[in-house]
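# Reading the structure
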Amino acid sequence: MTRVIRLLEALCASNEPVSLADLSRRLATPKSSLAALLRGLADEDLVIAADGAWRLGPGAFGLGSALTEARRRLHSSDLVREGMRRLCERTGETVLLAVGDHEGGMVTYVDLVESRNVVRYSVSIGDRRPFYATAGGRALLATCSPEAVKSYLKRVAPERLARTTEIDPVALAGAVEQARRDGFAQTVDQAADGVTGTASVIRDAAGGVVGALVVAAPSERAQGRLDELAGLVLDEAAAISRSLGFR
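Report follows, based on the coordinates.

Reading the values: rules and limits
- Residues numbered from 1 in each chain as written.
- Predicted model: local features only at pLDDT ≥ 70, side-chain atom pairs only at ≥ 80, totals over all residues.
- Heavy atoms only, no water.
- Helix = DSSP H or I, 4+ residues; strand = E, 2+ residues; numbered from the N terminus.
- Rg over C-alpha atoms; globule rule 2.2 N^0.38 Å.
- Buried < 20%, exposed > 50% of the residue type's maximum accessible area, 1.4 Å probe, protein only.
- Contact = heavy atoms within 4.5 Å.
- Pairing = 2+ DSSP bridges.

### Here we look at the overall build of the chain
Scanning the chain from terminus to terminus reveals ten helices and nine strands. For the chain, the C-alpha radius of gyration of 24 Å lies well beyond 18 Å, the compact-globule estimate for 247 residues. The principal-axis extent of the C-alpha atoms belonging to the chain is close to 75 × 40 × 30 Å. Split into buried and exposed, the 247 residues of the chain put 42% on the buried side. Sequence-distant contacts in the chain: of pairs separated by 6 or more residues, those separated by 24 or more amount to 59%.

Next comes the structure, spelled out in structure tokens:
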């Protein structure tokens, strides 16, 4: 099975038909073994002989479509949740999935994996927070055009949810732009006193935004490891996105 997969990958990577000799060199496999594999694949229309060489056949494209559809049918939430569990283990902190309501200017937490620490950030699925005060909201805003961010900040009326909540539109625009450059957003004592959030977006195969992956930690524990948390969130958001087909 491994040889079959490698053979199909080699043909898929080539824009032109590939000779048996070239396939043998690329895969470090005897021509006799490859010839037998190719004949079997040709019986299923997965490959086609073309002027003494081989290329993918219609069966391969049908298989590719079937795999794409299977991935679509597979609950992406399962793949996202698997990544959330990994991130929770790596950070020791609560991990959330936030989706955005851009018309309402709010994020909603739709899934969570809770930290095992006695002192931890607690939130319920379905809880909503404003974009401007949350790491998840800022990460989602950073995927929008500068014009859309400007429009949002014009219509929103920021309120202090914590003693240090940033409510200045210019500063908030700068924070969103920083998140755009960095690929992640980080907030300290913004949505609530004593809570630090770090977030990066997850994308699907089409490049669409699935949501924001968020690590929420008590600020006292997060201090001194802000860079570490940012790196872990970036790494896991990218891993989940790849599992969903984003390239």
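### Digging into the side chain of E93
Mapping E93 onto the fold places it in the loop between α5 (76-91) and β4 (94-101). Leaving out residues up to four positions away in the same chain, E93 has contacts with C88, V113, S115, N117, V215, A216, A217, P218, R221 and R225.

### Side note on the pairing of strand β9 (residues 209-218)
A large share of β9 lies buried, amounting to eight of its ten residues. Judged from the five bridges that link them, β4 and β9 form a sheet pairing that is antiparallel. Opposite T94, over in β9, you have A216 as the bridge partner. Sheet analysis places strand β8 (residues 195-203) next to β9, joined by nine bridges and oriented antiparallel. By the bridge assignment for β9, I202 is matched with G211.

### Focus: the sheet that holds strand β3 (residues 53-56)
Pairing within the open sheet is antiparallel, and its three strands lie in the order β1-β3-β2. The open sheet terminates on both sides in strands that have one partner only, identified here as β1 (18-19) and β2 (47-50). Relative to β3, β1 runs antiparallel, the two sharing two bridges. Bridge pairing in β3 places S19 opposite A53.

Just geometry here; none of it tells us what the structure is for.
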